[in-house]
Structures are given as structure tokens and as C-alpha cells.
Amino acid sequence: MQVDAAETAHLQSLLARVGEALDEFVKFDHPDAQVNGDGWRRRLDIPLPQKGVGIDRVTEELVKVVIPNGSSITRPGFSSYITTGGTTVAALAATAANIASPQRYHLHAFNLLEEVSLKWLATMCGIGSMQGVYSSGGSTANLLALGAARQFAFEQVGHDVAAAGVHRQVGVYATAEAHHTVQRSAGVLGIGRRAVRPIACDDRGRMDVNDLRRVIAADRQAGVLPMAVVANAGTTNTGAIDPLREIAEVAREHGVWFHVDGAYGLPGILDERKAHLYQGLELADSVIVDPHKWLGASIGVAATFVRDRELLLRAFTQEPADYLEGSIEQDESTAPAIEHSMDDFGIPYFDYGVELSAPSRGVVVWALIREIGVEGMRERVRRHNDMATRIADIARQHQNLELLIEPTLSICCFRYFSDQVDDLDRLNRLLHRRLIRENRNLPSTTQVGGKLALRPCFVGARANLEHADSLVDDVLRIGGELVRGLS
Ligand SMILES: *Cc1c(COP(=O)(O)O)cnc(C)c1O
């Protein structure tokens, strides 16, 4: 009998070649992908091949052409947005899952690790009694949480919204600092983007609880059904943490679902110096976290936690299907004992969200925590928070730096300052492009109080205090050169 030749090839030797190329990549001696852009583009962007070249040639092209021209996100000095390269152990676990567990269902080791790791993650982040489900990222994790909130709110008024659809106007309460996937979720859930009511912030980017009270009351008056309050445990812009306990109290007064978006910042609770900022988290009805941000998972791993997954089931079930559940004996009187991994689907994660086929992500989170333990995670989170604090300390003292907001977690918003320059926004924009060209320290920018800020966000396992110092050195050097050039 014939099988594809490559499928009898040796993973071991092929992975070793790819591994070697990746080890080389993470020395970061290679130029940025745009430097030889014409070369690799010409070799990769070819017409549809009718004949294959074989797996050795594909491996060769991966190793020589694709990997060396990969993304700069993995660089230790990369601090843009909130993203980083997965750690080595995450890459190993994700690769293993690709082969040994293409789906998360059925009863096997990867399926067990799905639940074990969700429990570990919840306990590590101070929400140990909650039940979780993985999805692809914070965007879907927020969607699932708000789907649960929608189901809950409509069930309170005796309406199964998942079955019958939205039949009245609802309100979702979030500040301008909330992630814009909240509005997108509202659109997808059929309640409309405009259901998301803007709640005022204080000057540190935290929700104004009095304004929250006022807006919910006004909605009630107008016959709008309050559906969910969305609080941030670490905003994307500055890392601000909303006053969770006070928000929880308002939500409880009104019987409204209390959601906490901790996609980035939830692991910050591991730093004892910050833990008090998370008081009230235990009152949340749903919480999300992105292991692919601060915990170093390979990309595509987020978790949604709720008190009772039955609510997610009612919100998202695809209903039993002959081709799925139908292939497993459901009748308890005739069902045989579990003797094969295919005798049961296990916990029906595929009914708690919007993905049926999905990778086994639990093994990645298991590997991350198993490798360095909660203590190792705490050290890493503390180190990243220290990096933001270090930049803030220097910026507060240095006459050519301006701290734009006190850091809460591992984001520091600051900029170059000179009293000889009128347009500091422009100066810092030019400075930022120079930083990127130099390809060593790669922060992004944002606006804070109407001013352009350099915004390093430290979440990478390969980054340490030296990278914070090196960024400050580069900013001072480039800023000085630009001012001399401009004046
Ligand atoms: C990053 C982020 C998201 C979106 O997460 P993705 O994984 O990029 O989809 C949502 N909320 C917050 C607060 C975030 O920082």
C-alpha cells in the first residue's frame, strides 16, 4: 500500500534542522526582513507549483529563506503593543500537540491537560473557583465572556437569547480605555456596537465609578437592559487597573454581569507589590487572560473563565449532531465502560465557545507553568514591572526625559524632552522611527493626555533590565542628535 513518501520521513532529523535554524534566529544576528526583502520575496512568491519539490527541499527553504526573514517580535528589545515570542518550552509543547493531539477532544493526555492547566491558570491568577475554556486570543475570549453575559442578562428577563435572538436594547459599560474588541464583540453578538456606553475615566485611565452608576441608572430609566460592566485589569494603553471592588459593588447593586478583561494584565497579580490592585477580582462573573501575552505561550492561546460553564453551553452550544455525538454511545444503559480514548469526547469545550476544531492549547500552558513554576512566573512578572519602574525613575529625574503617566504594571509611557523644541510630538515621532531603524529597541507609541508617548510594554521572557537601560540610552542619544540637527 502506498502512502505519501514524506509521511514516512524522519521527524527527528527534519526537526533538528529547523531547530538549528531557530536557534540561529534567536541569536538575533540576522538583519531585519526588509533589508534583503527583494531576495526572499523573489524566492517565495512564485507561481502555483504543479510538481512538488519534496520535504527536504521544503525544509531547506524554511531554514534558509523563511526563518531568517521572520518577524522582529521575538527580539528581546521588542516592546511594541502587547506581544512577544513564545518561550522555547511553549514551542516544544505546541509542536508536540500538532502531531500527537490534533484536536482537544477525546480522552487522552492532551485532553486532560486542557482542564489541568485551566485549573492551574485560574488558581495562579487568584480565581481558583472559576471554570475555563481556551480560545485563540483575547478577542475571542472577550466574545465568549460577553456571550455568557448576554445569555445571563436575557435569562433574567425570561428570554433564551441564544435560541430566539436579541429582542430589546441592552447596555454594556466600558471606558474609552477598554480594548476595542469589546465593541466588536457587541457587534458580533447582535446587540450592536452602540450598546457599548462610554464611561468616564480619571486622569490615570481608571473607570469613574460615579459615572458608571449614573449611566446604568439612566439606561434603566430609558428601558434599556443593562447587560455587562467591562472592567480592565491592565489597559492596553497604559496598563491601568480599574477599581475592581467598587465596580463589582455597582454591578451587584444592579444585578449586572461583571466582566474583567485581564488579557494582558491578569498575571500582574503575581507581583506581591501589585496584588492589592486586584481586590474585587474574586467578585467577577467572567475573567479573561491571554497566556500568549505575559506568560510566554505560543500565539493563539487565550482563556475565558466563568463561574459555571453551563451558561457558556447554553450561549454557544452547536446542538448535538449525528456526525459528532452521534458516533458515541450516549445511552447510559447500553454505553460500554470507557476503554478507549474515543469512547467519550471529554469535557465539551467545543460547546463552550465558537470553535469546534481547535488545537490542544492546555499542553502549552501546562508546559509553561511546569517549567518554572508559579515562582518562576512571579519572578518574570516582577522583572518586567521593574523594567517599567526603572524607566519611570530615570525619566522623572532626567531633564531630557518626560514621564507621561506613572506605570501600573510593565508599560511605561515617556518621551524625550527639550525646551529648545516646540513640536515635541514630531520630535518623538522622528526619534521613534530612528529607534526602529536601529533594530535593537523596538517600542510602539501611543497618546497620553494628548501627547505622543514612547510606550514600551515588557512581556518578553527574553527581556531583562539591561533592555530597559539600553532603551533609555538610545532615546537620550537619538533625541540629542535630533535636537542638534533641528536647531
Ligand atoms: C491584547 C488585548 C486584547 C485582545 O487580545 P488578542 O489576543 O490580541 O486577540 C483584549 N483585551 C486587552 C486588554 C488586550 O490587551
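Computed from a predicted structure; not experimentally measured. Throughout this document, residue positions are counted from 1 along each chain, in the order its sequence is written. At least 70 in pLDDT is required for a residue's local features to be given in this predicted model, at least 80 for side-chain atom pairs to be given and counted, and no such filter applies to totals for whole chains, interfaces and linings, which use all residues. As a rule here, side-chain values come from all non-hydrogen atoms in the structure, and water together with hydrogens is ignored.

A.B. asks: Is there a simple way to think about the state of the cysteines in this case?
C.D. replies: Each disulfide is one covalent bond, formed between the sulfur atoms of two cysteines. In this description, a disulfide is simply a cysteine sulfur pair whose atoms lie within 2.5 Å. Tallied over the full model, the rule gives zero disulfides. The thiol sulfur of Cys125 is not disulfide-bonded, and the nearest other cysteine sulfur, from Cys457, lies at 16 Å. Buried residues are those whose accessible area, probed at 1.4 Å on protein chains only, stays under 20% of the maximum for their type, while exposed residues exceed 50% and partly exposed ones sit between those limits. For Cys125, a relative accessible area of 1% puts it in the buried group. Its sulfur unpaired, Cys457 is 9.5 Å from the next cysteine sulfur, which belongs to Cys413.

A.B. asks: Hey, could you run me through the pattern of salt bridges in this one?
C.D. replies: Oppositely charged side chains may form a pair once their charged atoms are brought near each other. Any carboxyl oxygen of Asp or Glu that lies within 4 Å of a side-chain nitrogen of Lys or Arg is treated as forming a salt bridge with it. This model, assessed by the stated rule, comprises 33 salt bridges. Of the charged contacts, one joins Glu438 and Arg440 as a salt bridge, the two residues approaching to 3.4 Å between their closest N and O atoms. Among the ionic pairs, Arg477 bridges to Glu481, the shortest N-O distance being 4.0 Å. Separated by four residues within a single helix, Arg477 and Glu481 lie in helix 14 (residues 465-486), roughly one turn from each other. Residue Glu481 is classed as partly exposed on the basis of its relative accessible area of 33%. The numbering of helices and of strands both runs from the N terminus, where a helix is a DSSP run of H or I of at least 4 residues and a strand a run of E of at least 2.

A.B. asks: I tried to follow the site of the ligand on my own but got confused; where do I start?
C.D. replies: When at least one non-hydrogen atom of a residue lies within 4 Å of a molecule or strand, that residue is treated as near it. Around the ligand, 14 residues are found, and the nearest of them are Gly138, Ser139, Asp261, Asp290 and Lys293. A distance of 2.6 Å separates an oxygen atom of the ligand from a polar atom in the side chain of Ser139. In protein, a polar contact means a hydrogen-donor-capable atom and an acceptor-capable atom, both N or O and within 3.5 Å, with residues adjacent in sequence counting only if both atoms are side-chain atoms; elsewhere, any N or O pair within 3.5 Å suffices. Contacts to the ligand include Lys293, whose side-chain N or O atom sits 3.0 Å from an oxygen atom. Coverage of the ligand by the protein chains reaches 85% of its 380 Å² of free accessible surface. Per-element accounting of the shell around the ligand gives the leading share, three residues, to helix 6 (residues 138-156). Exposure was quantified through the Shrake-Rupley algorithm and a 1.4 Å probe, taking into account, for residues, occlusion by the shown protein chains and nothing else.

A.B. asks: Please explain the nonpolar core as it appears in this structure.
C.D. replies: Soluble globular proteins tend to bury their nonpolar side chains together. With 97 residues, the main nonpolar core has Leu121, Leu212, Val229, Phe258 and Phe305 as its most contacted residues. Considering each element in turn, this core owes the most residues, eight residues, to helix 12 (residues 362-397). Looking at this core, you find at least three residues from each of domain 2 (91-369) and domain 3 (373-486). When residues no more than four places from it in sequence are discounted, the contact partners of Leu121 are Tyr134, Val289, Pro291, Leu295, Ala303, Phe305, Val365 and Ile369. Counting 25 residues, the second-largest nonpolar core is a separate cluster that includes Met387, Tyr416, Leu482 and Val483. Definition used in this section: a nonpolar core is a set of buried Ala, Val, Leu, Ile, Met, Phe, Trp, Tyr and Cys residues joined via side-chain atoms within 4.5 Å. Boundary definitions for the domains trace back to an automatic or database domain assignment. By definition in these notes, contact holds between two residues if any of their heavy atoms fall within 4.5 Å.

A.B. asks: Explain a nonpolar patch on the surface here, please?
C.D. replies: Patch construction takes residues with relative accessible area above 30% that form no salt bridge. Like charges are linked within 9 Å, and nonpolar side chains (Val, Leu, Ile, Met, Phe, Trp, Tyr) are linked within 5 Å. A contiguous nonpolar patch, built from Leu44, Val53, Val58, Leu62 and Val66 and spanning about 360 Å² of accessible area, is present on the exposed surface. Turning to its location among the elements, Leu62 is positioned in helix 3 (residues 55-66). Among the residues examined, Leu62 registers a relative accessible area of 33% and is labelled partly exposed.

A.B. asks: So what exactly am I meant to see when it comes to helix 4 (residues 88-100) here?
C.D. replies: Think of an α-helix as turning once every 3.6 residues; residues three or four places apart then point the same way. By this rule, a helix spans an expected 1.5 Å times one less than how many residues it contains. Compared with an ideal rise of 1.5 Å per residue, which puts 13 residues at 18 Å, helix 4 spans 18 Å between its outermost C-alpha atoms and is within 8% of the ideal. Within helix 4, the full set of buried residues consists of Val89, Ala90, Ala93 and Ala97. End-on view of helix 4: buried residues confined to an arc of 100°, all on one side of the axis. Opposite its buried face, helix 4 presents the exposed residues Thr88, Leu92, Asn98 and Ile99, each directed more than 90 degrees away. On the buried face of helix 4, the contacting elements are helix 5 (109-124) and helix 12. Working definition: the arc comes from the directions between the helix axis and the C-beta atoms, pointing outward to the latter.

Purely spatial values, then, with no claim about function.
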